[in-house]
Amino acid sequence: MRTLLVLLTGCVAVGLAQLVPELPPRWVSVVTLSGASLLAIALLFRKSQTPLLVALILAIAIGASYTCLRAELRMASELPREWEGRDVELIGVIDELPQADQQGVRFAFAVERVLTPTAVVPPRVALGWYKATVRELQSEPLPTLHAGERWQLTVRLKRPHGYANPNGFDVEAWLLENSLRATGSVRNDEPNRLLATNAGRAIDHLNRLRERLRERMQQALSGQRYAGVLIALAIGDQRAVSEADWSLFNATAVSHLLSISGAHVTLFAGWMGWLTMAGWRRSPRLLAWLPAQQAAALVAAVVAVAYAALAGFEVPAQRTCYMLLAAAFALMLRRTLSPWLILVLALTVVLAIDPWAVLAVGFWFSFGAVAFLLYVSVGRVGGRPWWHTVLATQAAVTLGLAPLSLALFQQVSLVGPLANAVAIPLVTLLVVPLTLLWLVVPLDALLLAAHQLMLWLVQGLQWLLTWPAPLWMQHAPPWWAVALAIAGCVVMLAPRGWPHRWLGALWCLPLFTVVPPAVPEGEFRLTALDIGQGTTAIVQTANHTLVYDTGPRWTDSADAGSRLIAPYLRGSGAGRIHGLVVSHLDIDHSGGARSLLNMLPVDWMLTSVFNEADIVTVARSRSVTPIACIRGQSWQWDGVRFEVLHPEADSYLEAKLKTNDRSCVIKVSSAQFSALLTADIEALSERALVERYADQSTMLRSDVLLMPHHGSLTSSTPAFIDAVAPKLALINAGYRNRFGHPRDAVLARYRERDIDVLRTDWHGAIVLDSVQGVTSASKYRDVRRRYWLDRPDPADQRPLE
């Protein structure tokens, strides 16, 4: 118990060290780690036992200083700012399985040599090789890339910089964990060339084996709907699973089965261990050398490591490998280790190798699930039938992980227990064995049988989602409510005889009752989301939510609606969109509309796009009424007034009018505060607005202006800025975007008028409350400070390309 407590304390210190806003100087981490480690070693060899408090303090010092030192070393290798957006010639190796889509192919690139004089490049970067945007070159195919190939490439890089939004996925943390300290693209107009088909590193051989298996499975399952799922089960390549499939699996709480989980690794290792024991027992010579049980444990552990490496060595597979290795090691030494100590040893090894594993969702669900399984099974007295044990463990995992699910995804599947009751035995006992058996006996019939079973399972899951209220969705709870709820689950799952177990349910109440601060009646909250090169603004009143524009679409399966806007709305407690405004058809404003219409209930859609547009068809199929955006429309929500100022009705008759100049312009007003949302209007529309409201000077005047067209040279005319006279201007723009938005000349016009400017590419999501006015501006990169979050240099405004 003492060892377990000390190791667990060190692991907690590793996790807490990831929350620091700034890293200490390297020498502080080195001195602390060296001193604490030497003192721990000295105390370890003392005859008398070290006091527990001293051991815990040393564990904290070692865990925190080790994490900070590793982080400082990795952060030091990032791309210098002066080399952002400049052509750099590199020689390196494709360091993972390339992922292709309609636009091109993405891959990690291990840099071996930098050919550009004086250039400084991180040792590992994330690259995209995209199809040419020049029409004359679009028909030219990209080269087929393979893992382990050595290439000479000319690339253009930028520092790790992702979208920074509440409840959103932290791209910068993911890049840090995967040691990708720059991102960029390959230059199509440069002489890129293949230097070697196989660089010859050990990891290259492994990746090429995984790639061959993927290609072989794609051939065997050609045209099959869920080929990507079986590929994920076999080699851990989850990026072949579509967004729609992940949504279904998450909604039914079976996504843990559709990746290389600990159960799958254990199953494969168990087969090999059983076969080893069966054969070993038949050989007296082998038994004289090593007992069959120890040989089986050793083979199972080695097979687990080999299979986990083949599958990409994700955290759940790592956890299982280290637990099996610890158990095998103890068996070889004829020692007995408690399951809890084996779990904590695995946790310690995972964090020692990868301190950033605590930032991954899979880490928490993997270790959390095993911890609850051990809690309800180890040390419990009294016999019970097997089916009772199965139901009890499933209920324990479902209940215990529910607070984590609410914290990370703001939803819990109410049909999950029923879905798992069918999916767990089907996937674990049939689909996975058939898929893994194919790795040993490559008969395509095995994969086709596994695919048919998966098809039947998906049909059942889809049927479950037709039930009333299959999901519980709510706001993102605060961290302390999540911790309290987990403790409450521990109490409720305590052994029989524990007094007042029902009190644990009361500990879970803050998870549901502590809600985000409400918007007062008559006021509104304006949020400009960080969605890259595009626009999304969300206006929330006391009881209503307006989404103004839906950001860009990146691929056919990925857009800002599903990746950025929906998570923010769920986390803030907005489970319904009462009004959706798609200002015009440009892909950076309308790209996420389809996803939002499919994912969330929408009352109506106001738009300037024409009836034949795809999003209008989708809206009607979802029983959402599309309304043409026309000047003069207005409505009130909770004492807040919304007015449409543009476009005119007759603008729809002008076929040659640019879609930008038909953008839907809306003014939002409370008693003391107002905001003007302008989308992509240009000088022509700005002039029309100024002339139209020349006799109503207060109509355009607003405290906050969503800067037209991302700050391009075609908008923000002096007359328009003077007519609006904002105190604050907000810019939705992509980090180092290729258009150079916002332009210096445009920013100068605002500076000349002493108008403050906030930008989503610098500050992340920007939140304003009308009660406090412009002084309430909250910048997400300042609110959620982490040492890995990029802080762009305001003096450097060079575009990426």
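Structure's up top.
Residues numbered from 1 in each chain as written. Predicted model: local features only at pLDDT ≥ 70, side-chain atom pairs only at ≥ 80, totals over all residues. Heavy atoms only, no water.

(A) Just the state of the cysteines, in detail. Scanning all chains against the criterion turns up one disulfide. At a sulfur-sulfur separation of 1.9 Å, the disulfide partner of C629 is C664. Its S-S torsion of about 70° marks the bond between C629 and C664 as right-handed, since a negative value means left-handed. Of this pair, C629 sits in the loop between β17 (625-628) and β18 (634-637) while C664 sits in the loop between β19 (640-646) and β20 (665-669), and the two are 35 residues apart along the sequence. When its relative accessible area of 0% is taken as the criterion, C664 is described as buried. There is no disulfide at C11, and the cysteine sulfur nearest it, in C68, is 15 Å away. On the accessibility criterion, C11 (8% relative accessible area) is buried. (Disulfide = S-S within 2.5 Å. Helix = DSSP H or I, 4+ residues; strand = E, 2+ residues; numbered from the N terminus. Buried < 20%, exposed > 50% of the residue type's maximum accessible area, 1.4 Å probe, protein only.)

(B) Fine view of the side chain of S716. For S716, the location among the structural elements is in the loop between β22 (704-706) and α26 (718-724). A distance of 2.8 Å separates the side chain of S716 from the side chain of Y750, its partner in a polar contact. Sequence-distant contacts of S716, that is, excluding residues within four places in its chain, are made with E686, M707, P708, I721, V746, R749 and Y750. (Polar contact = N/O pair within 3.5 Å; in protein donor to acceptor, adjacent residues only side chain to side chain. Contact = heavy atoms within 4.5 Å.)

(C) Fine view of the nonpolar core. In this structure, F249 and M454 are the most contacted members of the largest nonpolar core, which totals 69 residues. If you tally residues by element for this core, the top one is helix α16 (residues 444-464), at nine residues. When neighbours within four sequence positions are excluded, F249 is seen to be in contact with V229, V241, V254, S255, L258, V458 and L461. Grouped together as the second largest cluster of nonpolar side chains are 31 residues, W604, W635, V640 and L728 included. (Core = buried A, V, L, I, M, F, W, Y, C linked by side-chain atoms within 4.5 Å.)

(D) Representation of the layout of surface pockets in the model. Its boundaries defined by the atoms lining it, the second largest pocket holds a volume of some 720 Å³. Taken together, 25 residues line the second largest pocket, and the ones lying closest to its centre are V6, L7, A40, A59 and I62. Elements with a contribution of two residues or more to the lining of the second largest pocket: α1 (2-17), α2 (26-44), α3 (52-75) and α12 (339-353). Counting residues per element, the lining of the second largest pocket draws most heavily on α1, at seven residues. Here the lining of the second largest pocket is built from residues that sort into 15 nonpolar, eight polar and two charged. (1 Å grid on protein atoms, 1.4 Å probe; cavity = no way out; pocket = protein on both sides within 12 Å on 5 of 7 lines; lining within 4 Å. Points joined across faces, edges and corners; volume = space filled by probe spheres on them. Nonpolar A, V, L, I, M, F, W, Y, C, P; charged D, E, K, R; others polar.)

(E) Broad picture of the packing of aromatic side chains. Scanning all chains against the criterion turns up 18 aromatic pairs. Pairing W604 with W635 gives two aromatic rings, centres 5.2 Å apart and planes at 80°, and the pair type is edge-to-face. With W604 in strand β16 (residues 604-607) and W635 in strand β18, this residue pair connects regions lying 31 residues apart in the sequence. Exposure class is identical for W604 and W635. Each is buried. In textbook terms, an aromatic cluster arises when at least three aromatic residues are bridged by ring pairs, as seen for W604, W635, W637 and F642. One residue, R86, lies across the ring of W83, its end atom 3.8 Å from the ring centre. The positively charged end of R759 is found above the aromatic ring belonging to W762, 3.9 Å away from the centroid. (Phe/Tyr/Trp six-rings, centres within 6.5 Å; stacked < 30°, edge-to-face > 60°. Lys NZ or Arg CZ within 6 Å of the ring centre and 35° of its normal.)

(F) Fine view of a nonpolar patch on the surface. Together, W479, W480, L484, W502, L503, L506, W507 and L509 give the surface a local cluster of nonpolar side chains, amounting to about 880 Å² of exposed area. Among the elements of the structure, α17 (479-492) and α18 (503-507) are those that each provide at least two residues to the nonpolar patch. Its location among the elements puts L506 in helix α18. You can call L506 partly exposed: its relative accessible area is 43%. (Patch = residues over 30% accessible without salt bridge, like charges linked within 9 Å, V, L, I, M, F, W, Y side chains within 5 Å. Areas by Shrake-Rupley, 256 points an atom, 1.4 Å probe, with all protein chains shown as cover. Salt bridge = Lys/Arg side-chain N within 4 Å of Asp/Glu carboxyl O.)

(G) Molecular detail of the pairing of strand β24 (residues 756-759). Bridge count for strand β23 (residues 728-731) against β24 is four bridges, and the pairing is parallel. Bridged to I731 within β24 is R759. In this fold, the crossover linking β23 to β24 by way of helix α27 (residues 744-752) has right-handed handedness. (Pairing = 2+ DSSP bridges. Right-handed = clockwise from strand over helix to strand, strands pointing away.)

(H) Just the sheet that holds β22, in detail. Sheet architecture is open: seven strands sit in the order β18-β19-β20-β21-β22-β23-β24, paired in mixed fashion. Bordering the open sheet on either side are β18 and β24, each of which pairs with just one other strand. Averaged over all pairs of adjacent strands, the angle between their axes in this sheet comes to 20°, without regard to strand direction. The pairing of β22 with β23 spans three bridges and is parallel. Across the sheet, residue V704 finds its bridge partner in β23, namely L728. (Axes fitted to C-alpha atoms, helices over the stretch in contact; angles between N-to-C directions.)

(I) Molecular detail of the packing of helix α11 (residues 315-332) against α12. Contact geometry for α11 and α12: axes closest at 8 Å, N-to-C directions at 125°. Between α11 and α12, the interaxial angle falls into the category oblique. Here α11 runs over α12; the crossing is right-handed. The residues of α12 that touch α11, namely those facing Q318, R319, Y322, M323, A326 and A327, are I342, L343, L345, A346, V349, V350 and I353. (Parallel < 35°, antiparallel > 145°, perpendicular 65-115°, else oblique. Left-handed = near helix turned anticlockwise from the far one by under 90°.)

(J) Unusual backbone geometry, seen in detail. The omega torsion across H646 and P647 is 10°, close enough to zero to call that bond cis. In this structure, the amide linkage connecting H741 to the following residue, P742, adopts the cis form with an omega of -5°. Structurally, the position occupied by P742 is in the loop between β23 and α27. With phi around 55°, A679 is a residue other than glycine that occupies positive phi space. In this fold, A679 is placed in the loop between β21 (674-677) and α24 (683-692). The phi dihedral of R736 falls on the positive side, at around 50°, and the residue is not glycine. Within the secondary structure, R736 sits in the loop between β23 and α27.

(K) Region of the structure containing the pattern of salt bridges. Scanning all chains against the criterion turns up 29 salt bridges. One salt bridge connects R26 with E72, and the closest N-O pair in it is separated by 2.5 Å. Linking R26 in helix α2 with E72 in helix α3, this pair joins segments that are 46 residues apart in sequence. Between E78 and R181 there is a salt bridge, with its nearest N and O atoms 3.0 Å apart. Taken together, the positions of E78 in the loop between α3 and β1 (87-94) and R181 in the loop between α4 (171-177) and β6 (183-186) put the pair 103 residues apart, joining distant regions of the chain. Several salt bridges share partner residues, and in doing so they unite E78, R81, R159, R181 and D790 into one network.

(L) A look at the sheet that holds β16. Pairing within the open sheet is mixed, and its eight strands lie in the order β17-β16-β15-β12-β11-β10-β25-β26. Whereas interior strands pair on both sides, the edge strands pair on one side only; in this sheet they are β17 and β26 (778-779). The pairing of strand β10 (residues 525-528) with strand β25 (residues 766-769) spans four bridges and is antiparallel. Bridging from a neighbouring strand, R525 pairs with D769 of β25. Relative to strand β11 (residues 537-540), helix α20 (residues 560-571) is tilted by about 20°, and along the sheet it contacts β10, β11 and β12 (545-548). Sheet strands in contact with helix α23 (residues 614-621) are β15 (579-582), β16 and β17, and its direction is about 165° off that of β16.

(M) Quick peek at α23. Within α23, burial applies to I615, V616, V618 and A619. Seen end-on, α23 carries its buried residues on one side only, within an arc spanning 160°. Positive phi appears at S623, one or two residues downstream of α23, with a value of about 60°. (Arc of directions from axis to C-beta.)

(N) Representation of the packing of α1 against α3 in the model. Contact geometry of α1 with α3 gives a least axis separation of 7 Å together with a crossing angle of 35°. At the point where α1 passes α3, the crossing takes the right-handed sense. For the pair α1 and α3, contact is made by R2, L5, V6, T9, G10, A13, V14 and A17 and by L52, A55, L56, A59, I60, G63, A64, T67 and C68, respectively. Tallied by class, residues from the contact of α1 with α3 come to twelve nonpolar, four polar and one charged.

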